[in-house]
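Below, each chain spelled out in residue letters.
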Amino acid sequence: SQTNVNNANAAVAAAKQVLTTATNEHTAVNTTVAGLEAALPAIKDAQAKGAEVAAKTPTDKELAAAAELLKTVLDKQTANLATQKTALAEKAAAVEKSKVAVAEMEKKATDAVAVLTAANAKVTELAAAMKPIEDKFASAKQAADQAMQPVAALQQEIQKLKEVKL
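All of the points below concern the structure found in this document. (Residues numbered from 1 in each chain as written. Predicted model: local features only at pLDDT ≥ 70, side-chain atom pairs only at ≥ 80, totals over all residues. Heavy atoms only, no water.)

**Thoughts on the overall build of the protein**
Inference 1: Across its full length, the protein holds two helices and zero strands.
Inference 2: Here the protein has a C-alpha radius of gyration of 43 Å; the compact-globule value for 166 residues is 15 Å, and the former is much larger.
Inference 3: Sorting the 166 residues of the protein into buried and exposed places 16% on the buried side.
Inference 4: Counted over contacts in the protein with a minimum sequence separation of 6, partners at least 24 positions apart contribute 89%. (Helix = DSSP H or I, 4+ residues; strand = E, 2+ residues; numbered from the N terminus. Rg over C-alpha atoms; globule rule 2.2 N^0.38 Å. Buried < 20%, exposed > 50% of the residue type's maximum accessible area, 1.4 Å probe, protein only. Contact = heavy atoms within 4.5 Å.)

As C-alpha cells, this is what we get:
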C-alpha cells in the first residue's frame, strides 16, 4: 500500500542520515589520525633533542623538566594515535554497515513500490472486469423496472376498484 511505500522511503532517509553521520565521523577521525601521524615525528625529534640537552646539563632542572614534558607529550600522543587508529577502523566498519543498511532499505522501498504498482494494476483490471457486469446489471434493472410498470398500473387500478366498492 501507499503507507508501506511511505514507511520504506522514511526508512531509506533515516538509513542515509545514519550513513552521513558515520561518514562524517570517519572523516573527522581520519583527519585526526593524519594530523597525529604528521606531528609525531617532530615530537619524537624534539623529545630526543630535549633528552640529549638535559643529559648534557644534568644540573639544569628546567631543561630536565622540559625534556620530561616532551616525553610525556610524546607518550600521550603516541597512545592517542593508537586509540584514534582503533576508532578509525570502527568508524570505517560503521560506514560499511550503514552502506549495507541503505542498500537494504532502498531494496525494501523498491519492493514496496513494485507491490503498490501491482496492486494498482489489479484494481484497474478488476474495475475493467466489473464494467460489463455493471452494464448488464443496469440493463437488467432497466428491464425489470419496465416490466414492473404494467404491474404498478394494475395495482393502481385494483386500488381504485377497491375504493369504488367501499
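After that view, the rundown keeps rolling.
**Digging into the pattern of salt bridges**
Inference 1: Inspection of every chain in the model, using the stated rule, returns eleven salt bridges.
Inference 2: Two residues, D145 and K141, come together in a salt bridge whose shortest N-O distance is 3.2 Å. On the criterion of helical spacing, the pair formed by D145 and K141 is a turn pair, its members being four residues apart in helix α2 (residues 61-165).
Inference 3: Under the relative-accessibility criterion, D145 is labelled partly exposed at 42%. (Salt bridge = Lys/Arg side-chain N within 4 Å of Asp/Glu carboxyl O.)

**A few points about the environment of T23**
Inference 1: On the secondary structure map, T23 appears in helix α1 (residues 2-56).
Inference 2: Sequence separation between T23 and A92 is 69 residues, and the spatial gap between their C-alpha atoms is 7.9 Å.

**What to know about the side chain of Q47**
Inference 1: With respect to the helices and strands, the residue Q47 is situated in helix α1.
Inference 2: Discounting residues that sit within four places of it in the chain, Q47 has contacts with L70, K71 and L74.

**A few points about the packing of α1 against α2**
Inference 1: Running from amino to carboxyl end, α1 crosses α2 at an angle of 165°, the nearest separation of the two axes being 6 Å. Considered as vectors, α1 and α2 are oriented roughly antiparallel to each other. Here α1 and α2 pass one another in a crossing that is left-handed.
Inference 2: Residue composition of the contact of α1 with α2, grouped by class: 36 nonpolar, 14 polar and ten charged. (Axes fitted to C-alpha atoms, helices over the stretch in contact; angles between N-to-C directions. Parallel < 35°, antiparallel > 145°, perpendicular 65-115°, else oblique. Left-handed = near helix turned anticlockwise from the far one by under 90°. Nonpolar A, V, L, I, M, F, W, Y, C, P; charged D, E, K, R; others polar.)

**Considering α2**
Inference 1: The largest bend along α2 measures about 30° and falls at Q149, with the proline P150 one to four residues further on.
Inference 2: The opening residue of α2 is D60, an N-cap whose side-chain oxygen sits 3.1 Å from the backbone nitrogen of E62. (Bend = angle between axes of the 7 residues up to and from the residue. Polar contact = N/O pair within 3.5 Å; in protein donor to acceptor, adjacent residues only side chain to side chain.)

**Section: the nonpolar core**
Inference 1: Listed in full, the twelve residues of the largest apolar core are V5, A8, V12, A15, L19, A22, V95, V102, M105, A109, A112 and L116.
Inference 2: Those elements that provide at least two residues to this core are α1 and α2.
Inference 3: Setting aside anything within four residues of it in sequence, one finds A22 in contact with A94, V95 and S98.
Inference 4: Core analysis: the next-biggest nonpolar cluster, separate from the first, contains nine residues, V33, L36, I43 and L74 among them. (Core = buried A, V, L, I, M, F, W, Y, C linked by side-chain atoms within 4.5 Å.)

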